[in-house]
Amino acid sequence: MKKPTAKLREELARLQEELKQAETRDAERIGRIALKAGLGDSEVDTGELLSAFEEIAKRFRNGSTGGAKAQKAAVGSGQTAGQPSEA
């Protein structure tokens, strides 16, 4: 049995709102990570930053996260890569 047009519109509106909320959560998560990495303090061109993020996304989509795992393991607990350890 086919759904009435009104029901489909309601479902579409609900899904669009759900997508908007999911994108907001993702953006906030990635933004927090970028700030921890120090990108908030640097004046990087948006195009360059987008290109760098695209490279990162490609690397993770291809499943080659071994380098990231190795780097994470090498960094001490509670530290972020690029931050000096306290002696």
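Definitions and cut-offs
Residues numbered from 1 in each chain as written. Predicted model: local features only at pLDDT ≥ 70, side-chain atom pairs only at ≥ 80, totals over all residues. Heavy atoms only, no water. Helix = DSSP H or I, 4+ residues; strand = E, 2+ residues; numbered from the N terminus. Buried < 20%, exposed > 50% of the residue type's maximum accessible area, 1.4 Å probe, protein only. Areas by Shrake-Rupley, 256 points an atom, 1.4 Å probe, with all protein chains shown as cover. Salt bridge = Lys/Arg side-chain N within 4 Å of Asp/Glu carboxyl O. pLDDT = per-residue confidence, 0-100. Contact = heavy atoms within 4.5 Å. Patch = residues over 30% accessible without salt bridge, like charges linked within 9 Å, V, L, I, M, F, W, Y side chains within 5 Å. Expected span 1.5 Å × (residues − 1). Polar contact = N/O pair within 3.5 Å; in protein donor to acceptor, adjacent residues only side chain to side chain.

(A) Molecular detail of the overall build of the chain. Summing up its helical and strand segments, the chain has 3 helices and 0 strands in all. Counting from the amino terminus, helix and strand elements in the chain follow one another as α-α-α. The buried share of the chain, taken over its 87 residues, is 2%. Surface accessibility of the chain: about 8000 Å² in total, with carbon and sulfur atoms responsible for 54%.

(B) Layout of the pattern of salt bridges. Under the counting rule described, the total for this entry stands at 2 salt bridges. Note that Lys 3 is salt-bridged to Glu 11, the shortest N-O span being 2.6 Å.

(C) Just the confidence of the model for the chain, in detail. Across the chain, the average pLDDT comes to 80, with 72% of residues at or above 70. Put simply, helix H3 (residues 66-74) is where the chain has its lowest mean pLDDT, 48, and helix H1 (residues 5-36) is where it has its highest, 97. Counted against residues more than four places away or in other chains, residues 73-87, with its pLDDT under 50, gives 7 contacts.

(D) Main features of a nonpolar patch on the surface. A surface patch of nonpolar side chains, amounting to about 460 Å² of accessible area, comprises Ile 30, Leu 39, Val 44, Phe 53, Ile 56 and Phe 60. Tallying contributions element by element places helix H2 (residues 46-61) first for the nonpolar patch, with 3 residues. Here Ile 30 shows up in helix H1. Residue class for Ile 30 comes out partly exposed when judged on its relative accessible area of 41%.

(E) H2, seen in detail. Between its first and last C-alpha atoms H2 spans 22 Å; for 16 residues at 1.5 Å apiece the expected length is 22 Å, and the two agree. Its side-chain oxygen at 3.1 Å from the backbone nitrogen of Gly 47, Asp 45 defines the N-terminal cap of H2. The first or second residue beyond H2 is Gly 63, which carries a positive phi of 80 degrees.

(F) Here's a closer look at H1. A rise of 1.5 Å per residue sets the reference length of H1, with its 32 residues, at 46 Å; its end C-alpha atoms lie 46 Å apart and thus fit the reference within 8%. Looking at the residues trailing H1, positive phi occurs at Gly 38, about 95 degrees.

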